[in-house]
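Topology and contacts: notes
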Amino acid sequence: MDIAEFDYELPPEAIAQEPLPERDASRLLVLDRQTGRLRHQRFCDLPELLEPGDLLVVNRSRVFPARLLGHRVGGGEAEILLLRPLGEGCWEALVRPGRRLRPGHQVQVGAELTVRIESEAFGAEGRRRVSLLVAAEEEAAQIERAGHVPLPPYIRREDRPADRDRYQTVFARETGSVAAPTAGLHFTPDLLRRLEARGIQRVDILLHVGPGTFRPVKAARVEDHRLEAEPYFIPAETAAALAATRRRGRRVVAVGTTTTRALEASAARHGEVVPETADTDLVIVPGFRFRAVDAVVTNFHLPRSSLLLLVSAFAGREAVLAAYRDAIRAGYRFYSYGDAMLIL
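Reference entry: report on the structure contained in this document.

Here's the deal with the overall build of the chain
- Within the chain, the secondary structure is distributed over eight helices and 17 strands.
- Taking 2.2 N^0.38 as the reference for a compact globule, 344 residues should give roughly 20 Å; the C-alpha atoms of the chain span a radius of gyration of 20 Å, in line with that estimate.
- Once the C-alpha set of the chain is aligned to its principal axes, its extents read approximately 60 × 45 × 40 Å.
- In the chain, the share of contacts with a sequence separation of at least 24, taken over all contacts with a separation of at least 6, comes to 71%.

Structure follows, in C-alpha coordinates:
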(Lines give C-alpha, C1' and ligand atoms only; values in the text may rest on other atoms or scores of the structure.)
Protein backbone atom coordinates (compact mmCIF):
# COMPACT_ATOMS: atom_id res chain seq x y z
CA MET A 1 0.00 0.00 0.00
CA ASP A 2 1.10 3.56 -0.73
CA ILE A 3 1.88 5.63 2.37
CA ALA A 4 -0.04 8.52 0.77
CA GLU A 5 -3.21 6.54 1.54
CA PHE A 6 -2.58 7.20 5.24
CA ASP A 7 -2.52 10.98 5.02
CA TYR A 8 -5.12 13.43 6.27
CA GLU A 9 -5.48 17.19 6.75
CA LEU A 10 -5.44 18.44 10.33
CA PRO A 11 -5.98 22.11 11.22
CA PRO A 12 -3.06 23.29 13.39
CA GLU A 13 -5.48 24.51 16.05
CA ALA A 14 -6.65 20.91 16.56
CA ILE A 15 -3.27 19.91 18.02
CA ALA A 16 -3.59 20.02 21.82
CA GLN A 17 -0.95 22.23 23.41
CA GLU A 18 -2.08 21.73 27.01
CA PRO A 19 -3.63 18.84 28.94
CA LEU A 20 -7.14 19.27 30.28
CA PRO A 21 -7.47 20.12 33.99
CA GLU A 22 -8.82 16.60 34.64
CA ARG A 23 -7.25 13.62 32.87
CA ASP A 24 -10.44 11.61 32.40
CA ALA A 25 -12.43 14.61 31.11
CA SER A 26 -11.01 13.96 27.65
CA ARG A 27 -13.46 13.06 24.93
CA LEU A 28 -13.57 9.45 23.76
CA LEU A 29 -14.51 8.49 20.21
CA VAL A 30 -15.74 4.89 20.22
CA LEU A 31 -15.34 2.99 16.94
CA ASP A 32 -17.01 -0.37 16.38
CA ARG A 33 -14.65 -2.01 13.89
CA GLN A 34 -17.29 -4.52 12.78
CA THR A 35 -19.94 -1.96 11.79
CA GLY A 36 -17.96 1.28 11.50
CA ARG A 37 -20.41 2.91 13.93
CA LEU A 38 -19.09 5.90 15.90
CA ARG A 39 -20.16 7.10 19.33
CA HIS A 40 -19.06 10.25 21.15
CA GLN A 41 -18.36 9.66 24.85
CA ARG A 42 -16.12 10.91 27.64
CA PHE A 43 -13.09 8.98 28.84
CA CYS A 44 -14.65 8.73 32.30
CA ASP A 45 -17.33 6.54 30.65
CA LEU A 46 -14.79 3.78 29.97
CA PRO A 47 -15.91 1.39 32.74
CA GLU A 48 -19.43 1.30 31.30
CA LEU A 49 -18.09 0.74 27.77
CA LEU A 50 -16.20 -2.40 28.81
CA GLU A 51 -17.62 -5.61 30.23
CA PRO A 52 -16.91 -7.47 33.48
CA GLY A 53 -14.23 -10.03 32.79
CA ASP A 54 -12.43 -7.87 30.20
CA LEU A 55 -8.70 -7.47 30.77
CA LEU A 56 -6.95 -4.10 30.54
CA VAL A 57 -3.23 -4.21 29.67
CA VAL A 58 -1.13 -1.06 30.23
CA ASN A 59 2.49 -0.04 29.65
CA ARG A 60 4.14 0.79 32.97
CA SER A 61 7.11 2.65 31.44
CA ARG A 62 8.00 6.01 32.97
CA VAL A 63 9.20 9.05 31.01
CA PHE A 64 12.40 10.65 32.28
CA PRO A 65 13.55 14.27 31.74
CA ALA A 66 15.78 13.25 28.85
CA ARG A 67 16.19 16.67 27.22
CA LEU A 68 19.35 18.45 28.36
CA LEU A 69 19.72 22.12 27.37
CA GLY A 70 23.09 23.78 27.73
CA HIS A 71 25.94 25.64 26.09
CA ARG A 72 28.93 24.41 24.21
CA VAL A 73 32.18 25.12 25.99
CA GLY A 74 33.42 28.02 23.90
CA GLY A 75 29.95 29.41 23.18
CA GLY A 76 26.66 28.56 21.50
CA GLU A 77 23.52 26.76 22.62
CA ALA A 78 23.32 22.97 22.51
CA GLU A 79 20.70 20.31 23.12
CA ILE A 80 21.19 16.67 24.01
CA LEU A 81 18.36 14.13 24.05
CA LEU A 82 19.36 11.09 26.08
CA LEU A 83 17.93 7.89 24.60
CA ARG A 84 19.29 4.92 26.54
CA PRO A 85 22.13 4.19 28.95
CA LEU A 86 25.11 2.24 27.62
CA GLY A 87 26.82 1.76 30.97
CA GLU A 88 29.71 3.42 32.81
CA GLY A 89 28.30 6.91 32.40
CA CYS A 90 27.79 6.60 28.64
CA TRP A 91 24.49 7.20 26.83
CA GLU A 92 23.17 6.94 23.32
CA ALA A 93 21.86 10.39 22.43
CA LEU A 94 20.74 12.81 19.76
CA VAL A 95 22.62 16.12 19.76
CA ARG A 96 22.11 19.57 18.26
CA PRO A 97 23.79 21.27 16.48
CA GLY A 98 25.27 18.02 15.22
CA ARG A 99 27.81 19.62 12.90
CA ARG A 100 29.32 21.69 15.69
CA LEU A 101 29.52 18.96 18.31
CA ARG A 102 32.52 16.74 17.62
CA PRO A 103 34.16 14.02 19.72
CA GLY A 104 35.84 15.62 22.71
CA HIS A 105 33.57 18.66 22.74
CA GLN A 106 31.76 19.39 25.97
CA VAL A 107 28.34 20.84 26.79
CA GLN A 108 27.67 22.51 30.12
CA VAL A 109 24.14 21.79 31.39
CA GLY A 110 23.39 24.01 34.35
CA ALA A 111 25.98 24.50 37.03
CA GLU A 112 26.72 20.89 37.90
CA LEU A 113 26.40 18.66 34.83
CA THR A 114 28.88 18.42 31.95
CA VAL A 115 28.31 16.21 28.90
CA ARG A 116 31.16 15.13 26.63
CA ILE A 117 30.65 13.99 23.05
CA GLU A 118 32.41 10.65 22.59
CA SER A 119 31.65 9.58 19.02
CA GLU A 120 30.77 10.76 15.55
CA ALA A 121 27.23 10.19 14.30
CA PHE A 122 26.15 6.56 13.89
CA GLY A 123 22.99 4.56 13.28
CA ALA A 124 19.48 5.93 12.93
CA GLU A 125 19.08 9.72 12.94
CA GLY A 126 22.79 10.37 13.44
CA ARG A 127 22.98 9.27 17.05
CA ARG A 128 26.04 9.84 19.22
CA ARG A 129 27.65 8.29 22.22
CA VAL A 130 28.03 10.81 25.03
CA SER A 131 29.38 10.71 28.58
CA LEU A 132 27.89 12.38 31.63
CA LEU A 133 30.85 13.65 33.64
CA VAL A 134 29.37 12.92 37.03
CA ALA A 135 29.80 10.23 39.67
CA ALA A 136 27.72 7.14 38.90
CA GLU A 137 25.72 7.39 42.11
CA GLU A 138 24.74 10.98 41.25
CA GLU A 139 23.81 10.43 37.59
CA ALA A 140 20.07 9.83 38.01
CA ALA A 141 19.66 12.76 40.41
CA GLN A 142 21.58 15.09 38.09
CA ILE A 143 19.40 14.14 35.13
CA GLU A 144 16.28 14.73 37.23
CA ARG A 145 17.51 18.17 38.30
CA ALA A 146 18.92 19.37 34.98
CA GLY A 147 16.70 17.62 32.45
CA HIS A 148 13.54 18.82 30.74
CA VAL A 149 10.44 16.80 29.87
CA PRO A 150 10.87 15.71 26.21
CA LEU A 151 7.56 17.04 24.92
CA PRO A 152 6.99 16.19 21.24
CA PRO A 153 7.81 18.96 18.74
CA TYR A 154 4.17 19.55 17.79
CA ILE A 155 3.64 20.96 21.30
CA ARG A 156 4.88 24.43 20.47
CA ARG A 157 6.00 25.58 23.90
CA GLU A 158 8.70 24.82 26.41
CA ASP A 159 8.00 22.28 29.11
CA ARG A 160 6.87 23.45 32.52
CA PRO A 161 7.10 21.85 35.98
CA ALA A 162 3.49 20.65 35.67
CA ASP A 163 4.46 18.53 32.63
CA ARG A 164 6.54 16.27 34.87
CA ASP A 165 3.28 14.96 36.28
CA ARG A 166 0.89 15.34 33.34
CA TYR A 167 3.21 13.84 30.69
CA GLN A 168 3.29 10.69 32.82
CA THR A 169 0.71 7.97 33.34
CA VAL A 170 -0.58 7.27 36.84
CA PHE A 171 0.66 3.66 36.53
CA ALA A 172 4.19 4.55 35.35
CA ARG A 173 6.82 2.68 37.36
CA GLU A 174 10.11 1.98 35.55
CA THR A 175 12.09 4.83 34.01
CA GLY A 176 13.21 4.63 30.39
CA SER A 177 10.84 6.31 27.91
CA VAL A 178 11.60 9.52 26.00
CA ALA A 179 7.95 9.82 24.96
CA ALA A 180 4.86 8.98 26.96
CA PRO A 181 2.66 6.00 26.10
CA THR A 182 -0.01 8.63 25.64
CA ALA A 183 -3.16 6.49 25.65
CA GLY A 184 -2.50 5.95 29.34
CA LEU A 185 -2.48 9.67 30.14
CA HIS A 186 -6.29 9.73 30.47
CA PHE A 187 -6.48 7.34 33.43
CA THR A 188 -6.91 8.52 37.03
CA PRO A 189 -6.71 6.57 40.29
CA ASP A 190 -10.49 6.95 40.67
CA LEU A 191 -11.12 5.63 37.15
CA LEU A 192 -8.88 2.64 37.84
CA ARG A 193 -10.89 1.92 41.01
CA ARG A 194 -14.14 2.11 39.04
CA LEU A 195 -12.78 -0.29 36.42
CA GLU A 196 -11.75 -2.73 39.15
CA ALA A 197 -15.16 -2.44 40.84
CA ARG A 198 -16.81 -3.35 37.51
CA GLY A 199 -14.77 -6.55 37.37
CA ILE A 200 -12.17 -5.39 34.84
CA GLN A 201 -8.72 -6.67 35.78
CA ARG A 202 -5.55 -4.69 35.00
CA VAL A 203 -2.10 -6.08 34.23
CA ASP A 204 0.96 -4.52 32.62
CA ILE A 205 3.85 -4.91 30.21
CA LEU A 206 7.00 -2.81 29.88
CA LEU A 207 8.17 -1.20 26.65
CA HIS A 208 10.26 1.96 26.84
CA VAL A 209 9.13 4.36 24.12
CA GLY A 210 11.92 5.65 21.87
CA PRO A 211 12.05 8.59 19.45
CA GLY A 212 11.27 6.44 16.42
CA THR A 213 7.69 5.95 17.60
CA PHE A 214 6.51 9.23 16.10
CA ARG A 215 8.83 9.34 13.10
CA PRO A 216 6.95 9.69 9.78
CA VAL A 217 7.10 6.72 7.45
CA LYS A 218 9.47 7.66 4.63
CA ALA A 219 9.12 4.52 2.54
CA ALA A 220 6.69 4.91 -0.36
CA ARG A 221 5.23 1.46 0.33
CA VAL A 222 4.14 0.85 3.91
CA GLU A 223 5.40 -2.73 3.71
CA ASP A 224 8.94 -1.38 3.28
CA HIS A 225 8.92 0.66 6.50
CA ARG A 226 11.34 -0.47 9.21
CA LEU A 227 11.29 0.26 12.92
CA GLU A 228 14.28 0.14 15.22
CA ALA A 229 14.15 -2.89 17.50
CA GLU A 230 12.93 -2.11 21.00
CA PRO A 231 13.12 -4.31 24.10
CA TYR A 232 9.94 -5.32 25.90
CA PHE A 233 9.09 -7.34 29.00
CA ILE A 234 5.94 -9.41 29.57
CA PRO A 235 5.59 -10.61 33.18
CA ALA A 236 4.38 -14.15 33.90
CA GLU A 237 1.23 -12.85 35.62
CA THR A 238 0.34 -10.83 32.51
CA ALA A 239 0.70 -13.80 30.19
CA ALA A 240 -1.34 -15.95 32.60
CA ALA A 241 -4.09 -13.31 32.80
CA LEU A 242 -4.30 -13.12 29.01
CA ALA A 243 -4.63 -16.90 28.73
CA ALA A 244 -7.34 -16.96 31.42
CA THR A 245 -9.24 -14.14 29.70
CA ARG A 246 -9.14 -16.08 26.43
CA ARG A 247 -10.50 -19.21 28.16
CA ARG A 248 -13.42 -17.20 29.57
CA GLY A 249 -14.21 -15.76 26.15
CA ARG A 250 -13.65 -12.18 27.32
CA ARG A 251 -11.70 -9.36 25.66
CA VAL A 252 -8.08 -8.27 25.97
CA VAL A 253 -8.05 -4.45 25.84
CA ALA A 254 -4.63 -2.97 25.06
CA VAL A 255 -4.01 0.57 26.31
CA GLY A 256 -1.89 2.13 23.59
CA THR A 257 0.04 1.11 20.52
CA THR A 258 3.16 0.20 22.52
CA THR A 259 1.19 -2.32 24.57
CA THR A 260 -0.43 -3.67 21.40
CA ARG A 261 2.94 -4.04 19.70
CA ALA A 262 4.54 -5.89 22.62
CA LEU A 263 1.64 -8.34 22.96
CA GLU A 264 1.35 -8.98 19.24
CA ALA A 265 5.12 -9.39 18.87
CA SER A 266 5.07 -12.15 21.50
CA ALA A 267 2.01 -13.82 19.99
CA ALA A 268 3.47 -13.65 16.47
CA ARG A 269 6.66 -15.33 17.69
CA HIS A 270 5.10 -18.05 19.85
CA GLY A 271 1.49 -18.37 18.72
CA GLU A 272 0.35 -16.92 22.06
CA VAL A 273 1.58 -14.33 24.55
CA VAL A 274 4.26 -15.81 26.80
CA PRO A 275 6.36 -14.41 29.65
CA GLU A 276 9.54 -13.06 28.11
CA THR A 277 12.11 -10.34 27.73
CA ALA A 278 12.76 -9.84 24.04
CA ASP A 279 13.33 -7.30 21.29
CA THR A 280 10.87 -6.51 18.53
CA ASP A 281 11.11 -4.63 15.25
CA LEU A 282 7.56 -5.63 14.33
CA VAL A 283 5.81 -3.19 11.99
CA ILE A 284 2.03 -3.66 12.07
CA VAL A 285 0.40 -2.67 8.77
CA PRO A 286 -2.95 -3.49 7.15
CA GLY A 287 -3.16 -7.21 6.48
CA PHE A 288 -1.55 -8.09 9.82
CA ARG A 289 -3.25 -10.90 11.74
CA PHE A 290 -3.94 -9.88 15.35
CA ARG A 291 -3.63 -12.80 17.75
CA ALA A 292 -3.56 -11.19 21.22
CA VAL A 293 -5.63 -8.00 21.28
CA ASP A 294 -9.42 -7.62 20.95
CA ALA A 295 -9.82 -3.89 21.65
CA VAL A 296 -7.50 -0.87 21.77
CA VAL A 297 -7.54 2.38 23.73
CA THR A 298 -5.48 4.88 21.76
CA ASN A 299 -4.95 8.56 21.00
CA PHE A 300 -5.17 10.20 17.57
CA HIS A 301 -1.97 9.74 15.57
CA LEU A 302 0.09 11.73 13.10
CA PRO A 303 -0.45 11.30 9.35
CA ARG A 304 1.88 8.80 7.66
CA SER A 305 3.07 7.41 11.01
CA SER A 306 3.62 3.79 12.01
CA LEU A 307 1.04 4.32 14.78
CA LEU A 308 -1.64 5.29 12.25
CA LEU A 309 -0.68 2.18 10.25
CA LEU A 310 -1.18 0.04 13.36
CA VAL A 311 -4.68 1.30 14.20
CA SER A 312 -5.59 1.10 10.50
CA ALA A 313 -4.49 -2.54 10.52
CA PHE A 314 -6.69 -3.15 13.55
CA ALA A 315 -9.87 -1.36 12.45
CA GLY A 316 -9.45 -0.82 8.70
CA ARG A 317 -7.93 2.19 6.93
CA GLU A 318 -11.20 3.63 5.64
CA ALA A 319 -12.97 3.29 8.99
CA VAL A 320 -10.08 4.92 10.88
CA LEU A 321 -9.72 7.83 8.46
CA ALA A 322 -13.50 8.34 8.47
CA ALA A 323 -13.37 8.43 12.28
CA TYR A 324 -10.55 10.98 12.17
CA ARG A 325 -12.55 13.20 9.79
CA ASP A 326 -15.53 12.98 12.14
CA ALA A 327 -13.33 13.84 15.12
CA ILE A 328 -11.92 16.90 13.33
CA ARG A 329 -15.43 18.11 12.45
CA ALA A 330 -16.52 17.59 16.07
CA GLY A 331 -13.59 19.58 17.46
CA TYR A 332 -11.62 16.77 19.09
CA ARG A 333 -8.14 17.59 20.37
CA PHE A 334 -5.35 15.61 18.69
CA TYR A 335 -2.06 13.95 19.66
CA SER A 336 -0.31 13.51 23.02
CA TYR A 337 -2.31 15.91 25.20
CA GLY A 338 -5.46 15.41 23.13
CA ASP A 339 -8.53 13.18 23.24
CA ALA A 340 -8.78 9.41 22.84
CA MET A 341 -10.35 6.59 20.84
CA LEU A 342 -11.69 3.23 21.94
CA ILE A 343 -11.68 0.70 19.09
CA LEU A 344 -13.88 -2.31 19.87
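Resuming the write-up.
Some points on the sheet that holds strand β10 (residues 128-132)
- Strand order in the closed barrel formed by six strands is β5-β6-β7-β10-β9-β8, with antiparallel pairing between adjacent strands. In this sheet, neighbouring strand axes are inclined to one another by 45° on average, regardless of whether the strands run parallel or antiparallel.

Digging into the nonpolar core
- Y167, L263, Y324 and F334 are the most contacted members of the largest nonpolar core, which has 69 residues in total.
- With seven residues, helix α7 (residues 306-315) is the single largest residue contributor to this core.
- Not counting residues up to four positions away in its chain, the partners in contact with Y324 are Y8, N299, F300, H301, L308, V311, F334 and M341.
- With 24 residues, the next largest nonpolar core counts L81, L83, V95 and V130 among its residues.

A few points about the sheet that holds strand β17 (residues 340-343)
- Pairing is mixed across the open sheet formed by nine strands, whose spatial order is β2-β1-β17-β16-β14-β3-β12-β13-β15. Looking at which strands have only one partner, the edges of the open sheet turn out to be β2 (38-42) and β15 (276-280). When the angles between neighbouring strand axes are averaged without regard to direction, this sheet yields 25°.
- The pairing of strand β14 (residues 252-255) with strand β16 (residues 295-299) spans three bridges and is classified as parallel. Of the residues in β16, the one forming a bridge with A254 is V296.
- Sitting on the sheet, helix α5 (residues 236-248) is in contact with β3 (55-59), β12 (201-207), β13 (230-234) and β14, with an inclination near 130° to β12.
- On the sheet, helix α8 (residues 317-329) packs against β1 (27-31), β2, β16 and β17 and is oriented at approximately 150° with respect to β1.

Points about empty space enclosed by the protein
- Summed over the entire model, instances satisfying the criterion amount to three cavities of 30 Å³ or more.
- Roughly 80 Å³ of internal volume is contained in the second largest cavity.
- In terms of lining residues, the second largest cavity is bounded by P19, L20, R23, S26, R166, L185, H186, R333, S336, Y337 and G338.
- Of the residues belonging to the lining of the second largest cavity, the class tally is four nonpolar, four polar and three charged.

Rules of the game
Residues numbered from 1 in each chain as written. Predicted model: local features only at pLDDT ≥ 70, side-chain atom pairs only at ≥ 80, totals over all residues. Heavy atoms only, no water. Helix = DSSP H or I, 4+ residues; strand = E, 2+ residues; numbered from the N terminus. Rg over C-alpha atoms; globule rule 2.2 N^0.38 Å. Contact = heavy atoms within 4.5 Å. Pairing = 2+ DSSP bridges. Axes fitted to C-alpha atoms, helices over the stretch in contact; angles between N-to-C directions. Core = buried A, V, L, I, M, F, W, Y, C linked by side-chain atoms within 4.5 Å. Buried < 20%, exposed > 50% of the residue type's maximum accessible area, 1.4 Å probe, protein only. 1 Å grid on protein atoms, 1.4 Å probe; cavity = no way out; pocket = protein on both sides within 12 Å on 5 of 7 lines; lining within 4 Å. Points joined across faces, edges and corners; volume = space filled by probe spheres on them. Nonpolar A, V, L, I, M, F, W, Y, C, P; charged D, E, K, R; others polar.

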